[in-house]
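Listed here are the chains, written in short residue letters.
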2 protein chains.
Amino acid sequence: MRLLRELIEDTKEAVGAECAVAVRIAVDELLGDGGIECGGEAREVIGLLAEMPDLWDVNVSDWAHDSMTSRFAAEGYQEDFVRFVKSVTTKPVVGVGRFTSPDAMVSQIRRGVLDFIGAARPSIADPFLPNKVAAGDLDDIRECIGCNVCVSGDFTSTPIRCTQNPTMGEEWRRGWHPEAIPPRTGDDAFLVVGAGPSGLECARLLGRRGYTVHVAEAAPLLGGRVTLESSLPGLAAWARVRDYRLNQINKMQNVQIYRGSSVTVAQILEFGARRVVLATGARWRRDGVGRANTRAIAGFDGTAVFTPEDIMAGRLPPAPVIVFDDDHYYLGAVLAEKLRAAGLAVTLVTPAARVSAWTVNTLEQFAIQKRLLDLGIDILMNRNIVDFDGGSVTAACVFTGRRQALATASVVTVTARAPNEQLAEALAAAAGDVQAAGIISVNSIGDCLAPGTIAAAVYAGHRYAREFDFPQSDLPGFRRELPG
Amino acid sequence: MRLLRELIEDTKEAVGAECAVAVRIAVDELLGDGGIECGGEAREVIGLLAEMPDLWDVNVSDWAHDSMTSRFAAEGYQEDFVRFVKSVTTKPVVGVGRFTSPDAMVSQIRRGVLDFIGAARPSIADPFLPNKVAAGDLDDIRECIGCNVCVSGDFTSTPIRCTQNPTMGEEWRRGWHPEAIPPRTGDDAFLVVGAGPSGLECARLLGRRGYTVHVAEAAPLLGGRVTLESSLPGLAAWARVRDYRLNQINKMQNVQIYRGSSVTVAQILEFGARRVVLATGARWRRDGVGRANTRAIAGFDGTAVFTPEDIMAGRLPPAPVIVFDDDHYYLGAVLAEKLRAAGLAVTLVTPAARVSAWTVNTLEQFAIQKRLLDLGIDILMNRNIVDFDGGSVTAACVFTGRRQALATASVVTVTARAPNEQLAEALAAAAGDVQAAGIISVNSIGDCLAPGTIAAAVYAGHRYAREFDFPQSDLPGFRRELPG
């Protein structure tokens, strides 16, 4: 109390009337009575110092609690923790809580929960969010999906990325403004094959630039993997990747989307588009090859082995089921959750030391492993799968190789994805015909070139649409900070 | 084969007679028949391309195998893998294997195993290793201890550090040359209290600078924690931290060491040294406070709770014993290994998801967990300890809080260290007397200021001795690369 009081006093004295002094304080550490609680010490502290700062900036700690993903917390989820603050001070109060929709923001202001809305991740997804609210262009807001890929760069020492906003982190390096897009440099028409995240972003941006774009999607539904995955537990907000782009494209006269339209080489040759972009995505491997296994797992060619696409298509494997996660991002655990919710006995087996090990980088790992344990899913870590005979798998300790048999009726294998590159290969084999048809470029983007995150797929689509007509060079293509 | 052949051909063609072309190749992936083996494909490949490169640079992969620590591999441990190479080529061959002693290097050359000695980590520990060999100053070589702290910076995105060579990574930033040391700037005499890694490095460097230095060590043995820890399984080479410094100090007339000499405030006041440096180290906490517990663990004040110092002093706890590792570096697992070797039934309990979790940064984690499992040590991860009643502990899942009782006769607690700061506090309380005695500075360095790695303690001793007489400034004190 005294330290904080003196810090505020000294700071106010130092800045004088030049600027306001804000105090950020976590009002709940979510440690129960082992830490500060919003109903206890936090109320006393803020009550006693109530009128000293010019602005109270309140949230919860630690970072994983403060920046929860959409999988684990709803928009505005800090309301119950911070709502008391305005009752003990007359000073304005700002808070956060992954606010993405103007309605949720306005609701907290009107109901007197907050005076200011803090929105870091939503501003990463759309830096022009306040301007669009002010202009009434609510439809044009690119809403954060709450995946925390933005956070992962902090842990992996890589540039920040955003699933929704591919220009994030490239404003200076590549000169990509999130709203100002260079106009088209020619009259070429485009055929984009595939309406997943990469194809849709590519088509949206080519359309914004003024090009004529045709998008052919083989499936009856648009959105590719985000449409499939957003039906899984906790991932509904991910459909915004599709919805934002479709909404933008629907306003354009120069972009046409054809659903249920798988295309052949012959059709592409006949179509008449000068430029062809392949965004055909990837599929999950069925053979068990992934990080721990460079060769197919014996028995994974059996009928009791299911891929994520099988489960997302609604197939229910016979129980008990083993989910083998050698992917280590979110999907293995999400599928385990879905199958458990369907009443199945589920064991998650992984060669990693943690469930969804990579999600330490999205601040979700603890919450994921806790949720699976709370749901009664058995977890066997540090184990590879050696073989499966339809009735049991042989699991081997990754450290010692010691083996054990695990009885199971089925296996869901989540190990790695293989690119859908058949069309690219067929077009390459028909290079002469392609040239004769007047097609001047064929490019693969996103998962069909290199399976990766949704953010990487959107980025690839954006980059192609933005830079395909740039002069080619051997230089890195972006500015670097070089020591003087 | 063809790819490698064409790469060599094209490279040789490109460089012409301008320079030699070396080929680095891992002759064994240590994957058994799942990868390249030195007795199989590697021999065929190098045999067929034998005379094409000007130099063969051979090792094993992956990095954890290529850069094994002294805990897991002896000097020259790659000999069995690479010795065949010279039998299939007339070109010179270079290899690695953490060579630290000239004898081991010369032996491999004389026996025809290698033509050149590769030594990265030994050159980090002593960049003047070749010069010292050439000059015959073998005693002055600062031998790598094989701890791989150097590697950890790569994983933690922090500047490289070396336990033996504190100038590593500071050559440009701070202008620290590993051999060229600035001479003394005055006549002050020094009293260094404590002859652990920090005190010894401080005394060595002050001595090199020409100062008169007295070192008072309370214990009968010198070296502090490295003397204790180097008696543990696999850590013998760590004694080099002490031995290099004692060997250097023994050559100096101006540095005196007093063993078995604990000092009081009164003795320091009487001693007559103008500058006092406190390097009194740290001790392991007995109360269980560490990363997972901010409060003492109930029952850890009982007689069946042992600290690492108890075990290193030769006390044997009653079995079965639980080693509670909430430190996550090497010591918990090393102590478990020692107790198991003494025939005790041992269970290692840790709130982390891995045994010695931090050692992923030293490339040792896999080897450590495998060794413990191979030794028959039970491992219970993701568990905190709630209490201990002398006969069993209550362990709680870190995710769900679910509790279980574990019968045990004793607990060895490895959680955190507390600084030995009593002397510093007593001197601060006697500030008037200190000034009256003519003492112009009292500084704490190393573990007694902030418990850390051995590398950090050595660094602190070096930095004090090198910079105490630098002009003080608010600037960072080192050069930075700033974008132009």
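Coordinates for the structure precede this section.
Notes on the structure in this doc start here. (Residues numbered from 1 in each chain as written. Chains lettered and ligands numbered in written order. Predicted model: local features only at pLDDT ≥ 70, side-chain atom pairs only at ≥ 80, totals over all residues. Heavy atoms only, no water.)

1. Section: the sheet that holds strand 1 (residues 22-28) of chain B
Residues and elements named next belong to chain B. Strand order in the open sheet formed by four strands is 1-2-3-4, and the pairing between neighbours is parallel. Both edges of this open sheet fall to strand 1 and strand 4 (116-117), since each of them pairs with a single strand only. As judged from the three bridges shared by strand 2 (residues 55-60) and strand 3 (residues 93-95), these two strands associate in the parallel manner. Bridge pairing in strand 3 places Trp-56 opposite Val-93. (Pairing = 2+ DSSP bridges. Helix = DSSP H or I, 4+ residues; strand = E, 2+ residues; numbered from the N terminus.)

2. Quick look at the packing of helix 10 (residues 197-209) of chain A against helix 19 (residues 454-467) of chain A
Residues and elements named next belong to chain A. Running from amino to carboxyl end, helix 10 crosses helix 19 at an angle of 30°, the nearest separation of the two axes being 7 Å. By the angle between their axes, helix 10 is roughly parallel relative to helix 19. Between helix 10 and helix 19 lies a crossing of right-handed hand. Contact residues: Pro-197, Ser-198, Glu-201, Cys-202, Arg-204, Leu-205, Leu-206 and Arg-209 in helix 10; Ile-454, Ala-457, Val-458, Ala-460, Gly-461, His-462, Tyr-464, Ala-465 and Arg-466 in helix 19. (Axes fitted to C-alpha atoms, helices over the stretch in contact; angles between N-to-C directions. Parallel < 35°, antiparallel > 145°, perpendicular 65-115°, else oblique. Left-handed = near helix turned anticlockwise from the far one by under 90°. Contact = heavy atoms within 4.5 Å.)

3. Let's talk about the nonpolar core
One finds Leu372(A) and Val412(A) to be the most contacted residues of the largest nonpolar core, which totals 43 residues. Among all residues touching Leu372(A), those that are not within four sequence positions of it are Ala333(A), Ala336(A), Leu348(A), Val355(A), Ile377(A) and Ile379(A). Counting residues in hydrophobic clusters, the runner-up holds 40 residues, among them Trp284(B), Leu339(B), Val355(B) and Leu372(B). (Core = buried A, V, L, I, M, F, W, Y, C linked by side-chain atoms within 4.5 Å. Buried < 20%, exposed > 50% of the residue type's maximum accessible area, 1.4 Å probe, protein only.)

4. As for the pairing of strand 16 (residues 403-407) of chain A
All names here are of chain A. Looking at chain direction, strand 15 (residues 392-397) and strand 16 are connected through five bridges and run antiparallel. By the bridge assignment for strand 16, Thr-394 is matched with Ala-405. Counting the residues between successive antiparallel strands, the hairpin from strand 15 to strand 16 contains five residues, one of them, Gly-401, with a positive phi of roughly 80°.

5. A short note on the interface of chain B and chain A
Listed per partner, the contact involves 23 residues of chain B and 23 residues of chain A. Roughly 1800 Å² is buried in total at the junction of chain B and chain A, and carbon and sulfur atoms are behind 54% of that figure. A per-residue breakdown of the area chain B buries against chain A is headed by Ala353(B), Leu373(B) and Phe399(B), which together make up 30% of the total. Applying the counting rule to chain B against chain A returns five residue pairs in polar contact (both at pLDDT 80 or more). The biggest single contributor to the side of chain B that touches chain A is helix 16 (residues 365-374) of chain B, with six residues. (Buried area = accessible area lost by both parts, 1.4 Å probe. Polar contact = N/O pair within 3.5 Å; in protein donor to acceptor, adjacent residues only side chain to side chain.)

6. Let's talk about the packing of aromatic side chains
Two numbers describe a pair of aromatic rings. These are the distance of the centres and the angle of the planes. Scanning the entire structure with this criterion turns up 22 aromatic pairs over all chains. Residues Tyr329(A) and Tyr330(A) carry aromatic rings whose centres are separated by 4.6 Å and whose planes lie at 70° to one another, so their mutual orientation is edge-to-face. For Tyr329(A), a relative accessible area of 13% gives the class buried. Under the relative-accessibility criterion, Tyr330(A) is labelled buried at 5%. Here Tyr211(B) and Phe468(B) contribute two aromatic rings whose centre-to-centre distance is 5.4 Å and whose plane-to-plane angle is 65°, an arrangement assigned as edge-to-face. (Phe/Tyr/Trp six-rings, centres within 6.5 Å; stacked < 30°, edge-to-face > 60°.)

7. Focus: the relation of the copies chain B and chain A
Two copies of the chain are present, and they differ by a rotation about an axis and a shift along that axis. In the superposition of chain B on chain A (RMSD 0.0 Å, axial shift 0.0 Å), the rotation amounts to 180°. Such a turn and shift between the copies fits a two-fold axis. Both copies present the same face, since 100% of the interface residues in chain B are matched by interface residues at the equivalent positions in chain A. (Least-squares fit on C-alpha atoms with pLDDT ≥ 70 in both.)

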